[in-house]
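Below, each chain spelled out in residue letters.
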Amino acid sequence: MTALTHLSIAAALDALEKKEFSARELTQAHIEAMESRRELNAYIIETPDIALSQADNSDKRRAKGDKAGLLEGIPLAIKDLFCTDNVQTTAASNILKGFIPPYESTVTRKLFDDGAVMLGKANLDQFAMGSSNTTSAFGNVINPWRGDDGRDLVPGGSSGGSAAAVAARIAMGATATDTGGSIRQPAAFCGLAGIKPTYGRCSRWGVIAFASSLDHPGPIARTVEDCALMLRSMSGHDPMDSTSAQRDVPDFAAALTGDLRGLKIGIPKEYRLDGIPAEIDTVWEQGIAWLKDAGAEIVDITLPHTKHALPTYYIIAPAEASSNLARYDGVRYGHRSAEASTLSEMYSKTRAEGFGEEVKRRIMIGTYVLSAGYYDAYYIKAQKVRRLILNDFTAAYEKCDAILTPTAPSAAFPIGENEDDPLKMYLNDVFTVTANLAGVPAMSVPAGLDARGLPLGLQILGRAWDEETVFKVAGVIERSAKFETLPQMLRKAA
Amino acid sequence: MAYLTQGETGEWETVIGMEIHAQITANSKLFSGASTLFGAEPNTQVSIVDAAMPGMLPVLNAYCVEQAVRTGLGLNAKINHTSVFERKNYFYPDLPQGYQISQFLHPIVGEGRIEIDLEGGKVKEIGITRLHLEQDAGKSVHDLHPSKSFVDLNRSGCALMEIVSEPDINSPEEAVAYLSKLRMILRYLGTCDGNMEEGSMRADVNISVRKPGDGLGTRAEIKNVNSLKAVQQAIDYEVARQIEIIEGGGKIVQETRLWDPNKGVTRSMRSKEEAHDYRYFPDPDLLPLHIQADWIAGIKETLPELPDQKKHRFIGEYGLSPYDAGVLIAERNRAAFFEAVAKGRDPKLAANWVINELLGILNKNATALDDSPISAAQLGALIDLIADNTISGKIAKDVFPLMYETGKDAGQIVEEKGLKQVTDTGAIEAVIDSIIAANPDNVAAYRGGKDKLFGFFVGQVMKETQGKANPAAVNDLLKKKLDA
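Residues numbered from 1 in each chain as written. Chains lettered and ligands numbered in written order. Predicted model: local features only at pLDDT ≥ 70, side-chain atom pairs only at ≥ 80, totals over all residues. Heavy atoms only, no water.

*Asks:* Could you clarify how one ought to interpret the interface of chain A and chain B in this entry?
*Replies:* How large an interface is tends to be reported as the accessible area lost when its parts come together. At the junction of the two partners, chain A supplies 39 residues and chain B supplies 29 residues. For the pair chain A and chain B, the summed buried surface comes to about 2,800 Å²; carbon and sulfur atoms form 60% of the total. Three residues stand out in chain A for area buried against chain B, namely S242(A), S323(A) and R327(A), and they jointly supply 21% of the buried area on that side. At the boundary of chain A with chain B, the tally comes to one salt bridge. Viewed at the interface, chain B and chain A are joined by 17 residue pairs in polar contact (both at pLDDT 80 or more). In terms of residue count, the dominant contributor to the side of chain A that touches chain B is helix α9 (residues 309-324) of chain A (five residues). Looking at the side of chain A that touches chain B residue by residue, the classes come out as 22 nonpolar, 10 polar and seven charged. (Contact = heavy atoms within 4.5 Å. Buried area = accessible area lost by both parts, 1.4 Å probe. Salt bridge = Lys/Arg side-chain N within 4 Å of Asp/Glu carboxyl O. Polar contact = N/O pair within 3.5 Å; in protein donor to acceptor, adjacent residues only side chain to side chain. Helix = DSSP H or I, 4+ residues; strand = E, 2+ residues; numbered from the N terminus. Nonpolar A, V, L, I, M, F, W, Y, C, P; charged D, E, K, R; others polar.)

Right under this line is the structure:
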């Protein structure tokens, strides 16, 4: 039989409903798989006791004939940026090592209310800052995919633990967050689907903040449909988050009709960059052809301010981060330096010891761009460019209903690569940051393999609040790509 | 006459602007649902938002916005339909977020003005620059342990209004009058209890001096000026300090200074060079605040009559002196008490009784008007007894303290003590006859031209009747008998 861990969420829900197996069995299978794949370092902590207890409760609800939740009995990985009641939450930083929140984030509460099961807290780049999951204080995560040279690859970041866990079949899906591409790039690197919904769709309450105006919670899963199921559970207005929107949550999965007739898909010329591997272009062209086949009309569009998106992002995100991370001061919770004898030493030593290098770099950049004398030149200017980027999308969506681009400028790269040059690392976000700046929904879906056998993703962007069109287009790519290849480690096991 | 300070080199003018932090009267904090109760055990009025736990987000308290708008309307100020919350970034242990959510470029209330009352019934207008909403910080406690400091976050996140004046204030007296008037207005509006001892109203005073006719001098900002007395003293001290420096050939440094009420001096906290770079930027957790014109209009309809309006009405409607009107409107409940007493009675008599007798005896007993044992109705009834000649004004003044002590009605006391005025002319005549008979020498002297002796006879009659004789009747009858 197909291992329980290899099922999609949709298939597992169906089987659970038919009582083919119990939530406990499904969870137990995942717990065993987790134990056998610890070398990936996908989880910071595993929570098997909680998982089994949640699974048992789910089985009881089903036995009683209660109406099944949207994710009744489905085991998930929870990115360790989501605060979980009475379970250590660290943002993969030493400054929060041992921190146990007495509260549950809105998104995880919604998932658990819908019957989901928590397998553990997934590793990530420290405070979600990174594109390789190498900035975690709990060690880097290894991508279950491996190139033909056999070197260990990054899973992408910042939601690298989430993506690695889902790809390695040690979670059926995972919560993730996307500030500049942190859902979509790891999804692409690990051969998964992941959606960053519209800003305001998922509550940020209880999600440790990186850059408030850019942070988007969202799901990573193995199929587009699974993402749609998870997103439905995770979405909805939250009065505790002033930026959460009062919008009805549609049944996203119902949008997966496969029929693109009447839809116009925009292809932005600014996303054709020099120095990008030809395979990226090839898979993009292939994607365009699939959409055409499904009845879509392809139109050339322009997003003229795209080239300013990355520098704009790397001003706004660090600016907000420098302020958001000021609360980690050693006074009330988390790490406090044992070496300090004055207040000023307590601050500097606590933060020097607690934060990793990349976090410190971004705090310094952010502090600088907000400083008197530089604020107008950097922060204000960046906000103006951000408005122009949003205007680009508004204009483009007068000509098309969705946009197709590559997700990332490369496939997964070896661990250690790009580490010497932060700017090179930041280039990973070149195709993804625009959607964060504009707040529009964007999804990555696996579209093929490169010559080394590594997954490549395509990105679909939509209008604000129109995730349904994004899902519909992504579903067609997924079906056309017939992406069924497993990471090598699972092929061996199979 | 302008207020000028004599220095070695001539006269100096003082220029003062004030920043008042007023804690908004509200049950919960500006961005969290935590209680704002004062005096609770440390760290018991703290939500996970106030403690800036990871992942926490602010949600604006609509009632606090309403209070700020109400205050703006009370200050005759422009209400801005769009305002923006920004983060003021700095590190301090009693500031859990590492930033204070405040308003900077776009405050909720713009320019306004109030009138302050000065000696001799003079009135001066002081401009309000702006009012903005912000969070209060917690409290650091440094004196409980030799090497440790403690933090109490109960106040952290409470809503403050920072009210900034124009530099229109030119003397310590004006500063005190400004602070008093502002406090009175806030109390009338019910937007701040104005309690300076509990820290719900705190003042920063910006002071500079200049030679008359010169441009503005360099200012020092004095913090921790937390009583009317401190305002007066801190300004006196700072003006003298600045004049001495300038006249000694020195320059005033733009800096923040702290008022030390024990030593009676200001001392430097930090200079402009050491000033924090607060790195203000719009708080991305909060959307710009938009308020609708009809919502503002609705608040305007609920505004109470404000002190100045009330004062002018008391002068016009009741014919009170500006001084008496000023005393009566100083507290909203005092004015209401007066109006209850004055209703259907002689308002000047009512004002005299409230101001001189009631406030006098309350003050002597350190009792608040709300706890007065004499109600407005009871005081009114006492005045009625004077008006209908049941008792004389003099007797009323004896009855009044008994009312205060016992809480009894005036009528009951008059009855019990037999203090009813004697208006029976026959009885008074009999007394007069006996007095005339007993004092033949004085009668002769009076009739011989010593008019002043009339008072002696009145006194004798009143003594004989224990003050109960109607004074007018006594006068009439005495005149008739003596002049006969």
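Next comes the rest of the account.
*Asks:* Looking at this structure, I do not really get the packing of aromatic side chains. What am I missing?
*Replies:* The geometry of an aromatic ring pair is captured by two quantities: the separation of the ring centres and the angle between the planes. Tallied over the entire structure, the rule returns 29 aromatic pairs over all chains. Relative to F355(A), the ring of Y328(A) has its centre 6.4 Å away and its plane inclined at 90°; by these criteria the two rings are edge-to-face. Pair noted here: Y328(A) is in the loop between α9 and α10 (343-354) and F355(A) is in the loop between α10 and α11 (357-370), with a separation of 27 residues, a long-range link. With a centroid separation of 5.2 Å and an interplanar angle of 70°, the aromatic rings of F456(B) and F457(B) are classed as edge-to-face. Exposure remark for F457(B): the relative accessible area of 0% places this residue in the buried category. By way of ring pairs, the aromatic residues F99(A), F127(A), Y328(A), Y333(A) and F355(A) are connected into one cluster. For R272(A), the ring lying beneath its charged end belongs to W284(A), and the centroid distance is 4.4 Å. Residue placement shows R87(B) over the ring face of Y99(B); its charged tip is 4.1 Å from the ring centre. (Phe/Tyr/Trp six-rings, centres within 6.5 Å; stacked < 30°, edge-to-face > 60°. Buried < 20%, exposed > 50% of the residue type's maximum accessible area, 1.4 Å probe, protein only. Lys NZ or Arg CZ within 6 Å of the ring centre and 35° of its normal.)

*Asks:* Looking at this structure, I do not really get the confidence of the model for chain B. What am I missing?
*Replies:* Predicted coordinates in regions of low pLDDT should not be interpreted in detail. Overall, the prediction assigns chain B a mean pLDDT of 93, with 99% of residues at 70 or greater. In the predicted complex, the global pTM is 0.91; the interface-specific ipTM is 0.96. (pLDDT = per-residue confidence, 0-100.)

*Asks:* Looking at this structure, I do not really get the packing of helix α1 (residues 62-74) of chain B against helix α2 (residues 172-189) of chain B. What am I missing?
*Replies:* Geometry of a packed helix pair, given as the angle between the helix axes and the separation of the axes. Residue and element names in this part refer to chain B. At their nearest, the axes of α1 and α2 sit 10 Å apart, and the two run at 130° to each other. Classed by the angle they form, the pair α1 and α2 counts as oblique. For the element pair α1 and α2, the recorded crossing hand is right-handed. The segment α1 lies against α2, with R70, T71 and G74 engaging I185, L186 and L189. Here the contact of α1 with α2 is composed, by residue class, of three nonpolar, two polar and one charged. (Axes fitted to C-alpha atoms, helices over the stretch in contact; angles between N-to-C directions. Parallel < 35°, antiparallel > 145°, perpendicular 65-115°, else oblique. Left-handed = near helix turned anticlockwise from the far one by under 90°.)

*Asks:* Please clarify how the sheet that holds strand β4 (residues 85-89) of chain B should be interpreted in this entry.
*Replies:* Each strand in a sheet pairs with another by means of backbone hydrogen bonds, the pair being arranged parallel or else antiparallel. All names here are of chain B. Judged by pairing direction, the sheet is antiparallel, and its three strands sit side by side in the order β5-β4-β15 without closing on themselves. Edge positions in the sheet fall to β5 (99-103) and β15 (281-282), since each has one partner strand and no second. Both β4 and β5 contribute to a ladder of five bridges, which runs antiparallel. Bridge assignment links R87 to a residue of β5, and that residue is I101. (Pairing = 2+ DSSP bridges.)

*Asks:* Would you explain the pattern of salt bridges in this entry?
*Replies:* Opposite charge on two side chains lets them pair, provided their charged atoms get close. This model, assessed by the stated rule, comprises 53 salt bridges over all chains. Between R272(A) and E285(A) there is a salt bridge, and its shortest N-O distance comes to 3.2 Å. One end of the pair, R272(A), is in the loop between β7 (264-268) and α8 (278-293); the other, E285(A), is in helix α8, and 13 residues separate them in sequence. On the basis of relative accessible area, E285(A) is assigned to the partly exposed category, the value being 39%. One salt-bridge network, held together by shared partners, links R204(A), D241(A), R87(B), D283(B) and D285(B).

*Asks:* For this particular structure, what's the right way to read the nonpolar core?
*Replies:* One recurring pattern in soluble globular proteins is that nonpolar side chains are buried together. Grouped together as the largest cluster of nonpolar side chains are 170 residues, with contacts concentrated most on I74(A), F127(A) and L404(A). Residue contributions to this core peak at nine residues, all from α9(A). With 106 residues, the next largest nonpolar core counts A159(B), M196(B), L320(B) and L419(B) among its residues. (Core = buried A, V, L, I, M, F, W, Y, C linked by side-chain atoms within 4.5 Å.)

*Asks:* Would you mind going over the sheet that holds β7(A) with me for this structure?
*Replies:* All names here are of chain A. Pairing is mixed in the open sheet, where 11 strands are placed in the order β1-β3-β2-β4-β6-β5-β10-β11-β9-β7-β8. With one partner strand each, in any of the chains shown, β1 (43-46) and β8 (297-301) form the two edges of the open sheet. Shown here is a sheet whose adjacent strand axes are inclined to one another by a mean of 30°, direction ignored. Contacts from helix α4 (residues 106-113) reach β2 (75-79), β3 (117-122), β4 (173-178) and β6 (216-221), with the element oriented near 175° to β2.

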